[in-house]
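Chains, contacts and geometry: an overview
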Amino acid sequence: EVQLVESGGGLVQTGGSLRLSCRVSGGTLDYYAIGWYRQAPGKKREGFFCFSSRDDSTYSVESVRDRFTISSDNAENTVYLQMNGLRPEDTADYYCAAAPRLAAPNCLVVLESSLVDYWGKGTLVTVSS
């Protein structure tokens, strides 16, 4: 069965960087739109970035634009989220998610949480200061 495994979280200072990975097993990466969600303490889980390797489509919310970038390695069925210029408000549990791309025109389908088929278990990012 399809499983998503995130890795790469940790503790960094303001301005630091982390690279998160989302490895998809049991499925083909380009079949899915891959989303990144985060949930800060006491807040709802919210999607902020998505990607589809079918056409390299991406979308990100304004708060992470120009700081976070996504790349992929189809051979490894892995999506990477490079996070630079981290801020305390980025502190959250980070989850990757997968939704079938099917006929969707872009990756945004995975940011509609009701359409998500698979979730990772999460990885914690803590930004100090």
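Residues numbered from 1 in each chain as written. Predicted model: local features only at pLDDT ≥ 70, side-chain atom pairs only at ≥ 80, totals over all residues. Heavy atoms only, no water.

Here we come to the pairing of strand β1 (residues 3-7). Only one face of β1 is buried, namely the one carrying L4 and E6, since none of Q3, V5 and S7 on the opposite face is buried. Of the strand pairs in this sheet, β1 and strand β3 (residues 18-25) are connected by five bridges, and their pairing is antiparallel. Residue E6 lies in a different strand from β3, and its bridge partner there is C22. (Buried < 20%, exposed > 50% of the residue type's maximum accessible area, 1.4 Å probe, protein only. Helix = DSSP H or I, 4+ residues; strand = E, 2+ residues; numbered from the N terminus. Pairing = 2+ DSSP bridges.)

Turning our eyes to something else, we now look at the state of the cysteines. Tallied over the entire structure, the rule returns two disulfides. Each sulfur in the disulfide pair C50 and C107 lies 2.0 Å from the other. Looking along the S-S bond of the C50-C107 disulfide, the torsion reads about 60°, which is the right-handed sense. One end of the pair, C50, is in strand β5 (residues 46-52); the other, C107, is in the loop between β9 (92-100) and β10 (118-119), and 57 residues separate them in sequence. Given the relative accessible area of 0%, C50 is considered buried. What makes C107 buried here is its relative accessible area of 1%. Counting only the cysteines that take part in disulfides, in the order they occur along the protein chain, gives the pairing 1-3, 2-4. (Disulfide = S-S within 2.5 Å.)

Fair warning: the whole summary comes from geometry, so function is off the table for now.
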